[in-house]
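Inside the fold
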Amino acid sequence: MKILVTGAKGQLGLNIKRIFDLHPDIDVTYTDADSLDITSPDAVRKYLKDTHFDILINCAAYTAVDKAESEALLASKINTEAVGYLASTARETGTRIIHISTDYVFPGDHCRPYNEHDEPNPHSIYGRTKLEGEAVLKSFCPDAIIIRTAWLYSEDGSNFVRTMLDKGSQGIDLKVVCDQIGTPTYARDLAKAIFEITTADEWRGGIYHFTNEGVASWYDFAKAIFRIARLKVNVTPCASTEYKTPAKRPLFSVLNKTKIKKAYRLQIPYWEESLRECISNISNRI
Ligand SMILES: NC(=O)c1ccc[n+]([C@@H]2O[C@H](COP(=O)([O-])OP(=O)(O)OC[C@H]3O[C@@H](n4cnc5c(N)ncnc54)[C@H](OP(=O)(O)O)[C@@H]3O)[C@@H](O)[C@H]2O)c1
């Protein structure tokens with residue numbers, strides 16, 4: 001089996017590499033924005049046609065949620081148009097695609113976890129471009145696997161955990177929103193799920209939801225980070241209306257994971273256990 005990973009220097013891409021490196025019998029090629037710019041249709045065609053890949057895992061994305069509000073064209077180019085280039089070429093080469101999407105495709109007006117068939121209605125440019133990416137992918141490759149995830153963090157890159165640890169170690173007092181509810185998700189757990197999907201006996205195309213287990217507000221998440229890291233920080237809860245951001249985020253974006261758990265017999269860790277593991281890895285690096 002030959003696998004191609006795009007956007008491999010992002011937090012999910014790096015974790016996919018960590019997991020697949022434990023299985024050297026699987027032939028995986030990792031590309032980043034320099035070696036394969038997915039917004040170049042020529043580069044995409046050449047890469048996928050020169051070598052046959054059985055599976056393409058697309059980790060490349062425009063992920064700056066707030067910046068996307070003023071960079072809509074760029075966000076759309078990476079999250080929608082480029083997905084179209086990957087998908088149209090993959091259809092010709094018979095390459096199967098695993099693509100990652102987001103909880104921000106949902107409006108956030110539920111009081112129960114979102115299922116895969118619930119109506120999306122994004123309120124941000126980022127969410128809209130990701131939803132359009134899903135649509136263009138399905139139009140070319142109806143059997144693609146689309147995994148919607150949420151609140152990703154890891155030891156790498158810029159994410160909420162690293163930002164909080166950074167601010168916490170400087171002793172900065174913080175206000176964190178307590179009325180947006182979702183599930184923090186360790187990129188390594190998602191990478192493990194993707195490994196299970198690629199090595200499963202059967203390919204089961206469709207949309208799936210994956211996050212860690214449990215729910216939290218950003219305030220709960222911040223408090224857990226400081227508790228685990230043993231940092232004394234004054235954290236005050238505040239409402240989204242008090243902490244204005246360019247992009248409107250869903251107030252409730254918990255995802256129902258029943259489908260992916262059943263299809264791939266996954267045991268997903270509770271978010272705080274995974275957070276503990278990530279923070280321990282970060283401290284061991286220092
Ligand atoms: N982060 C989250 O909280 C979150 C939540 C829900 C869903 N997701 C989804 O999960 C997936 C993985 O997210 P992540 O957190 O791992 O993202 P990330 O850390 O921002 O990584 C994205 C990677 O894509 C690369 N990239 C950008 N433009 C590219 C291009 N034109 N060609 C090739 N590569 C390009 C980036 O490279 P450069 O850095 O060099 O630009 C970066 O390495 C994405 O689809 C994202 O939408 C993320």
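Residues numbered from 1 in each chain as written. Predicted model: local features only at pLDDT ≥ 70, side-chain atom pairs only at ≥ 80, totals over all residues. Heavy atoms only, no water.

Re the overall build of the chain
- Looking only at helices and strands, the chain features 9 helices and 12 strands.
- Relative to the 2.2 N^0.38 estimate, which gives 19 Å for 286 residues, the radius of gyration of the chain is 19 Å and therefore close to what a compact globule would have.
- The principal-axis extents of the C-alpha atoms in the chain amount to approximately 55 × 40 × 35 Å.
- A total of 286 residues make up the chain; the buried ones form 53% of that total.
- Sequence-distant contacts, at least 24 apart, represent 84% of the contacts inside the chain between residues at least 6 apart.
- With the model as given, the accessible surface of the chain reaches about 13200 Å², and the carbon-plus-sulfur share is 50%.
- Taking the average place of the 36 positive charges on the side chains of the chain and the average place of its 37 negative ones, the gap between the two points comes to 2 Å. (Helix = DSSP H or I, 4+ residues; strand = E, 2+ residues; numbered from the N terminus. Rg over C-alpha atoms; globule rule 2.2 N^0.38 Å. Buried < 20%, exposed > 50% of the residue type's maximum accessible area, 1.4 Å probe, protein only. Contact = heavy atoms within 4.5 Å. Areas by Shrake-Rupley, 256 points an atom, 1.4 Å probe, with all protein chains shown as cover. Lys, Arg positive; Asp, Glu negative; His and termini not counted. Charge placed at Lys NZ, Arg CZ, Asp CG, Glu CD.)

A few points about the nonpolar core
- One finds Val161, Phe221, Ile225 and Leu275 to be the most contacted residues of the largest nonpolar core, which totals 57 residues.
- Counting residues per element, this core draws most heavily on helix H7 (residues 218-228), which supplies 8 residues.
- In this structure Phe221 touches Trp151, Tyr153, Phe160, Val161, Pro184, Trp271 and Leu275, once residues within four positions along its chain are discounted.
- Residues Ile19, Ile100, Phe210 and Ile268 belong to the second largest nonpolar core, which totals 29 residues. (Core = buried A, V, L, I, M, F, W, Y, C linked by side-chain atoms within 4.5 Å.)

Digging into the pattern of salt bridges
- This structure, assessed with the given rule, holds 19 salt bridges.
- Glu242 is paired through a salt bridge with Lys175; the nearest N and O atoms lie 3.2 Å apart. Note that Glu242 is positioned in the loop between strand S12 (235-238) and helix H8 (258-264) and Lys175 in strand S7 (residues 174-177), a separation of 67 residues in sequence.
- Members of the salt-bridge network, linked through shared partners, are Arg18, Asp156 and Arg285. (Salt bridge = Lys/Arg side-chain N within 4 Å of Asp/Glu carboxyl O.)

A word on the pairing of strand S2 (residues 27-30)
- Pairing of strand S1 (residues 2-6) with S2 involves 4 bridges; the strand directions are parallel. By the bridge assignment, Val5 is partnered in S2 with Tyr30.
- Handedness of the crossover joining S1 and S2 through helix H1 (residues 11-20): right-handed. (Pairing = 2+ DSSP bridges. Right-handed = clockwise from strand over helix to strand, strands pointing away.)

Concerning the environment of Thr183
- In this fold, Thr183 is placed in the loop between strand S8 (181-182) and strand S9 (185-186).
- Since its relative accessible area comes to 1%, Thr183 is described here as buried.
- Separated by 38 residues in sequence, Thr183 and Ile145 have C-alpha atoms that sit 21 Å apart.
- When neighbours within four sequence positions are excluded, Thr183 is seen to be in contact with Ala150, Trp151, Thr211, Asn212, Glu213, Gly214, Val215, Val254 and Trp271.
- Within the structure, Thr183 has its side chain in polar contact with the backbone oxygen of Gly214 (distance 2.8 Å). (Polar contact = N/O pair within 3.5 Å; in protein donor to acceptor, adjacent residues only side chain to side chain.)

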